Amino acid sequence: MKVNKSFSLFLLLGLTACYTQREEPLQPLDDVMMQAFYWDVPVDDQAKDGTWWDHLSSLAPELRTAGVSSLWTPIPAKGNWGIYDSGYGIYDHYDLGNYEQKGTIETRYGSRAELEQMIATMHKAGINIR
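Remember, predicted model here, so these are calculated numbers, not experimental data. (Residues numbered from 1 in each chain as written. Predicted model: local features only at pLDDT ≥ 70, side-chain atom pairs only at ≥ 80, totals over all residues. Heavy atoms only, no water.)

Caption draft 1: Highlighting the packing of aromatic side chains. For the structure on display, the rule yields 4 aromatic pairs. On the basis of an interplanar angle of 85° and a centroid distance of 5.7 Å, the ring pair of Y38 and W52 is categorised as edge-to-face. Here W52 lies in helix 2 (residues 52-65) and Y38 lies in the loop between strand 1 (33-35) and strand 2 (43-44), a separation of 14 residues in the sequence. Y38 sits in the partly exposed class, given a relative accessible area of 43%. Residue W52 is classed as buried on the basis of its relative accessible area, which comes to 9%. With 5.5 Å between their ring centres and 45° between their planes, W53 and Y109 make a pair best called tilted. (Phe/Tyr/Trp six-rings, centres within 6.5 Å; stacked < 30°, edge-to-face > 60°. Helix = DSSP H or I, 4+ residues; strand = E, 2+ residues; numbered from the N terminus. Buried < 20%, exposed > 50% of the residue type's maximum accessible area, 1.4 Å probe, protein only.)

Now the structure itself:
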């Protein structure tokens, strides 16, 4: 493969310019993101209640001690099948577990209040939510 000399020079100059503009060297990142859900997150069929946000809240200290700095949470919106929907079949983008729709108020993961509490608990522990 023949490399275009002009392109190579342009690329080299661009990389040099980017490097020389930095005042300090690049530092390695110590971030660890954990996927905080799976397909069959448990729900309470009788009470039509999602418990996942509460479960995550209870794990905050342990997650931080383990070095987790971010959680990748599931889609919090109400799905087409209420608490039985994992959130990918979104019914209402604005229903985070606070409206009576699709047979439940809560989403598969819990209520909006539980979601907000979980976020606050994680932030207090120094864990970001994604």
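Caption draft 2: Structural view of helix 3 (residues 112-124). For helix 3, with 13 residues, the first-to-last C-alpha span of 18 Å sits near the 18 Å given by 1.5 Å per residue. Of the positions making up helix 3, those classed as buried are E114, L115, M118 and M122. Seen end-on, helix 3 carries its buried residues on one side only, within an arc spanning 100°. Facing away from the buried surface of helix 3 by more than 90 degrees, the exposed residues are A113 and K124. In this fold, the buried residues of helix 3 make contact with strand 3 (49-50), helix 2, strand 4 (70-72) and strand 7 (128-129). (Expected span 1.5 Å × (residues − 1). Arc of directions from axis to C-beta. Contact = heavy atoms within 4.5 Å.)

That is the geometry; function is a separate question.
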